[in-house]
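Results of the structural survey
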Amino acid sequence: MSVRNLEALLQPRSVALIGASDRQGSVGSVVMRNLQTGGFKGPVWPVNPTQALIGGATAWPNVASLPGTPDLAIICTAAARVPGIVEELGQRGTRAAIVMSAGFRQAREEGVQTLESLMLGAAKPYLLRIAGPNCLGVLVPGIGLNASFAPGHALTGNIAFVTQSGALATAMLDWANGRGIGFSHFISLGDVADVDFGDLLDYLGSDPGTRAILMYMESVTSARKFMSAARAAARNKPVIVVKGGRAPDAARAAASHTGALAGSDIVFDAAVLRAGMLRVDTLEDLFGAAETLAHGQPWVGDRLAVLTNGGGAGVLAADMLDLGCGKLAELSQGTLAALDACLPATWSRGNPVDIVGDAPVSRYQDALRILLAAPEVDGVLFMHAPTAIVPAHDIAAACLPLITHQKPVLACWLGGPSVASARALFSTAGVPCFDAPERSAKAWLHLAAYARNQAALRELPGLGHQADPPDAGAARRILEQAHADGHQWLDAVQVQQILQAYGIPTLRVEHALDASEAAALAQSMGFPVALKVRSPDIVHKSDVGGVEIGLTSADEVLAAASRMIASLAQLAPHAKLQGFTVQAMADRSGALELIAGKSSDPVFGPVILFGEGGTAVELNARHAVALAPLNDALAGDLISRSGMDVLLAGYRGSKPANTAAVRDVLQKVSQLACDQPLLAELDINPLLVNHRGVLAVDARMSLRAAGAAQLPPAISPYPAHLETVVQLDGASLVLRPIRPEDGQRLASFYADATPGDMRLRFFMTRREVPRSELARYSQIDYDREMTFIALLPEEGSQADMVGEVRAVCDPDNDRAEFAIQVAVAWQGRGLGRLLLDRLVHYLRERGTREVAGQCLRENTAMAGLARSIGFHVRADNNSDTFSMQLILNSPPTTSMAPGVTMPQAPTSCSG
């Protein structure tokens, strides 16, 4: 469930308080007072079986006796009574409840459900949404709703704050009130039995009264829903997160290098990046980042110039920037010369640009003008400490006209009353202002991180066409056989076969039962070879002397085997020796040792790791993780974040490595992770790379334990099974879902359309579709959207696109809105019918209740096509449009409050 019936929770017209009380200090008394004094205009009905009046209002003995059906119920009774109350509310027609009581998850007698399960079971038949239990409540200042036991009211504003912690909620509310910060919504989720962060992201992401969403999180439920909701919301407005619990407890128990390195907190960081959100460290940073991002300054790059009249302040800002891996702009000779011409000889001649404490207004103006014009500068931090030379207000008034917002500018006005008016001038003009060097530098780091994450949001998984698609079936059979045999770890030959099935270059590997057979195998392979001990009880063979490389003769193989047997007896006497593995070796002198792997996160599912490999891999700092699945751009981003891109580019005279081959391996590891749910962990270490390509020298794979749940990827992979080839009007057409790589193809499709077709499609005349819109249309969320495109079957990326049909579903998969367009040369040939039939079939199969769209009345071809498929077509009142609607599946039997839909694609059509 997602946004369904959240209107009743967040925009109620009437409220019932069950457990209302006049007893001083009770929760029921505080909530009643907040409801009565918050300014809520609807009726508030207190419910108490023993009191006739509460807070001066008539009290009702039970839910059945209420004079009307409350949209929202607030429950602050004993936990044991809550499931019965929820049942009564559902029968009465209430569709949302806030449960403040605690104690719902405690274990009860054996075989008896928890109170939480009973409560959710009572709510489910009525689609009644529950916030909590064990929560502070909900405040919506814009409608005067204070359905909480907070010690005061919230100011009205346009920031939504959502938290799992009730204690933090009260503290943040008090902190915000003291600083004049207002809210559109202030929501405490408590134990998150039903309504969760994903639900609220969906609702608040499309709420016009909310310009930024701030969250304090401790855990994520329903990762795929969370990621879909977060990505949708982050396209519309800043979503900023603080998350508690950074200790990577799960990593300590991981058997593989990948599992140990891919701790839960860095996986959450990867999810934040992929969703286009921003993670900050402190609650105060939440509001500072919201203020910074709210101004929407264009992002150019991360090279910052610091302009200051005090060297110390500039150094502090530069230090904070360095700690956060930020980048000071390196000023060019031309910029230095221009600054030399207008600054005193004692200026810093570098960045930070210290224009000295006696700077008059003109010095500020000249330096700011030069820095904003410098091509090597992407943004400016303007800093001023008050002096008696010139009033800060005069400096602000003189410099503001120079700030044209073509590059980001942040300001740091140090001090108090003497700079207050200057700070106010800049703030009013849309320049984010701060009162300390560290905070202003951190704001720049927030801008940089947000820009990177938004860029990642524009990328969506999809491998595109491969010359040799993987043999997923062969890999699956190997994994299933190993699982049936009760193995936890695959042997080297099985690992090699799976890597080969996915096209990952590897070396020949053979098993030997004893040293003599190993020597014979080595002779047949050709020297040099590597010898490894074979035992189901040993994961990291090098730890017990179980690996020797560079063996150049049969005698050396025999000697190495003897040493391994002796080492095993001493270091791992419990291990069962099953023989040896002999592996061919290849000359990769000068190659870099990398690690590429997959682990299974308990929340986000398959995670891909990449970084510096070798035996000391866990001691290396150069590694990063990403959520599966990956495409080429996301694989490149993973390489960059690992810090290995510098080494791969070539250093100290070495040739640049074949980075394209590394990206290819990462995508194949990602696809392997998505295709094979039995695979728990994978290490390829080392993965050797040089200018010629990559080679997986050693790898290990573990299987999911019997009975253990395997989470799917948190982001839906490209649905390759929906690809098909159809025959139409004597021609073959490829019909498939759209991929991120189709952005340019889509641009050409729109560019080739006639002005008339574009007007019918978008309800307005357009010469071209903006790049940001093309990205949105080609990088879709397959969990909530679908676009089928028709292509002529030419090879490569030049295949012409001749038609598209797309649908965007609301978060509850209740209603989809569609759009369709066909190239001029293919109109009237049945392609529109083919595309729309395909879409309708797809939506019906996935359980969507209805599909709808609009077209201009003059678009009679589209209206006729819709009627022929079974759509109900009617003329809209007071409009020049037709509405088209087709019921696909039976609606739920329970009546529902209206949800909030999220139309993200044009619903106009061109048939």
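Procedures and definitions
Residues numbered from 1 in each chain as written. Predicted model: local features only at pLDDT ≥ 70, side-chain atom pairs only at ≥ 80, totals over all residues. Heavy atoms only, no water. Disulfide = S-S within 2.5 Å. Buried < 20%, exposed > 50% of the residue type's maximum accessible area, 1.4 Å probe, protein only. Axes fitted to C-alpha atoms, helices over the stretch in contact; angles between N-to-C directions. Helix = DSSP H or I, 4+ residues; strand = E, 2+ residues; numbered from the N terminus. Parallel < 35°, antiparallel > 145°, perpendicular 65-115°, else oblique. Contact = heavy atoms within 4.5 Å. Nonpolar A, V, L, I, M, F, W, Y, C, P; charged D, E, K, R; others polar. Pairing = 2+ DSSP bridges. Patch = residues over 30% accessible without salt bridge, like charges linked within 9 Å, V, L, I, M, F, W, Y side chains within 5 Å. Areas by Shrake-Rupley, 256 points an atom, 1.4 Å probe, with all protein chains shown as cover. Salt bridge = Lys/Arg side-chain N within 4 Å of Asp/Glu carboxyl O. Core = buried A, V, L, I, M, F, W, Y, C linked by side-chain atoms within 4.5 Å. Phe/Tyr/Trp six-rings, centres within 6.5 Å; stacked < 30°, edge-to-face > 60°.

With that settled, the discussion passes to the state of the cysteines. Each disulfide consists of a covalent bond between the sulfur atoms of two cysteine residues. Within this structure, the stated rule accounts for zero disulfides. For the unlinked cysteine Cys76, the closest cysteine sulfur is that of Cys135, found at 11 Å. With no disulfide of its own, Cys342 has Cys399 as its nearest cysteine by sulfur position, at a separation of 12 Å. Overall, the relative accessible area of 23% leaves Cys342 in the partly exposed class.

This brings us to the packing of helix α3 (residues 82-92) against helix α4 (residues 115-123). The interhelical angle for the contact between α3 and α4, taken along N-to-C directions, is 5°, at an axis separation of 8 Å. Considered as vectors, α3 and α4 are oriented roughly parallel to each other. Counted together, Val82, Pro83, Val86 and Glu87 of α3 and Leu115, Leu118, Met119, Ala122 and Ala123 of α4 form the full contact between these two elements. The class makeup of the residues in the contact of α3 with α4 is eight nonpolar, no polar and one charged.

When you tally the buried positions in strand β22 (residues 529-534), you get six out of six residues, the bulk of the element. What you see with β22 is no split at all: Val529, Leu531 and Val533 on one side and Ala530, Lys532 and Arg534 on the other are buried throughout. When β22 meets strand β23 (residues 547-551), the two strands line up antiparallel, connected through three bridges. Bridge pairing in β23 links Leu531 to Glu548.

A separate point is a nonpolar patch on the surface. Taken together, the side chains of Val547, Ile549 and Met585 define a hydrophobic patch exposed on the protein surface, amounting to about 240 Å² of accessible area. Turning to its location among the elements, Met585 is positioned in the loop between β24 (579-584) and β25 (592-601). Look at Met585 and you get partly exposed, because its relative accessible area is 31%.

On to the sheet that holds strand β1 (residues 15-18). Strands sit in the order β2-β1-β5-β6-β7 across an open sheet of five strands; the sheet is parallel. Of all the strands in the sheet, just β2 (44-47) and β7 (129-131) have a single pairing partner and so form its edges. Along the sheet, successive strands turn relative to each other by an average axial angle of 20°, direction set aside. Examined bridge by bridge, strand β5 (residues 72-75) and strand β6 (residues 96-99) share four bridges and lie parallel to one another. Bridging across to β6, Leu72 finds its partner in Ala96. Packing of helix α2 (residues 27-37) onto the sheet brings it into contact with β1, β2 and β5, and relative to β1 it is tilted by some 160°.

This next bit is on the nonpolar core. Counting 69 residues, the largest nonpolar core has Leu9, Ile98, Met215, Phe226 and Phe604 as its most contacted members. The biggest single contributor to this core is helix α7 (residues 223-236), with seven residues. Apart from the residues within four sequence positions on either side, Leu9 is in contact with Leu72, Ala96, Ile98, Ala131, Val138, Leu145 and Val195.

What follows deals with the environment of Pro656. Tracing the chain through its elements places Pro656 in the loop between α23 (645-648) and α24 (659-675). Once residues within four sequence positions are removed from consideration, Pro656 is found in contact with Leu648, Ala649, Gly650 and His691.

Looking now at the packing of aromatic side chains. In the structure shown here, the tally under the stated rule is 17 aromatic pairs. A ring pair is formed by Trp299 and Trp444, whose centres lie 4.9 Å apart and whose planes are at 40°; its orientation type is tilted. With Trp299 in the loop between α11 (283-294) and β15 (303-308) and Trp444 in helix α17 (residues 437-457), the pair connects residues that are 145 residues apart, well separated along the chain. When its relative accessible area of 32% is taken as the criterion, Trp299 is described as partly exposed. Here the aromatic rings of Phe788 and Tyr842 are separated by 5.8 Å at their centres, their planes lie at 85°, and the arrangement is edge-to-face. In this pair, Phe788 sits in strand β33 (residues 785-791) while Tyr842 sits in helix α28 (residues 831-845), placing the two residues 54 residues apart along the sequence. Given the relative accessible area of 0%, Phe788 is considered buried.

Looking now at the pattern of salt bridges. The full count for this structure, using the stated rule, is 41 salt bridges. A salt bridge links Arg105 to Glu116; the nearest nitrogen and oxygen atoms lie 2.7 Å apart. Of this pair, Arg105 sits in the loop between β6 and α4 while Glu116 sits in helix α4, and the two are 11 residues apart along the sequence. In this structure Arg105 comes out as partly exposed when scored by relative accessible area, which is 46%.

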